[in-house]
Amino acid sequence: MSQNSDPYEHTPTAMVFDVFTEVSNELIGLLTHRSDAATDPVEREAWWQRALGVRDARRAVDPQNRQTLLEHITAWKREIEQLKAAR
């Protein structure tokens, strides 16, 4: 498998949507935890607003738009990795 190939190439779109939902839930959980743990009210609100942004983006995506689902999965997984690395 080449680096540029779709890891979900043989996966039905409904299952890609399930992955999309799980990845968004993980990211929202991390962001919410950061918000809850923040001692500075401005930082707390910034983390909370980012969590709400992910929630809103998730709601806005057409579950049949495979390309958009994959783009969000990739971006959100990267953000999750960055958040975990910054602990």
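Quick summary incoming for the structure in this document.

**Considering the overall build of the chain**
Inference 1: Helix and strand counts for the chain stand at 3 helices and 0 strands.
Inference 2: Along its sequence from the N terminus, the chain presents helices and strands in the succession α-α-α.
Inference 3: Per-residue burial over the chain gives 28% buried out of 87 residues.
Inference 4: Across the chain, every contact between residues at least 6 apart in sequence was considered, and the portion connecting residues at least 24 apart equals 70%.
Inference 5: Total accessible area computed for the chain in this model is approximately 5900 Å², and 52% of it derives from carbon and sulfur atoms.
Inference 6: Computed over 11 positive and 14 negative side-chain charges, the inter-centroid distance for the chain is 3 Å.

**A closer look at the environment of Ala75**
Inference 1: Tracing the backbone shows Ala75 in helix α3 (residues 66-85).
Inference 2: Between the alpha carbons of Ala75 and Val23 there is a distance of 9.9 Å; along the sequence they are 52 residues apart.

**Comments concerning the pattern of salt bridges**
Inference 1: What the rule picks out here adds up to 3 salt bridges.
Inference 2: Between Arg50 and Glu79 there is a salt bridge; the shortest N-O distance is 2.6 Å. Placement of Arg50 in helix α2 (residues 41-60) and of Glu79 in helix α3 is noted, with a sequence separation of 29 residues between them.
Inference 3: Overall, Glu79 belongs to the buried group, its relative accessible area being 18%.
Inference 4: Across the pair Asp56 and Arg55 runs a salt bridge, and its minimum N-O distance is 2.7 Å.
Inference 5: Accessibility expressed as a relative area gives 38% for Asp56, which makes it partly exposed.

Conventions adopted
Residues numbered from 1 in each chain as written. Predicted model: local features only at pLDDT ≥ 70, side-chain atom pairs only at ≥ 80, totals over all residues. Heavy atoms only, no water. Helix = DSSP H or I, 4+ residues; strand = E, 2+ residues; numbered from the N terminus. Buried < 20%, exposed > 50% of the residue type's maximum accessible area, 1.4 Å probe, protein only. Contact = heavy atoms within 4.5 Å. Areas by Shrake-Rupley, 256 points an atom, 1.4 Å probe, with all protein chains shown as cover. Lys, Arg positive; Asp, Glu negative; His and termini not counted. Charge placed at Lys NZ, Arg CZ, Asp CG, Glu CD. Salt bridge = Lys/Arg side-chain N within 4 Å of Asp/Glu carboxyl O.

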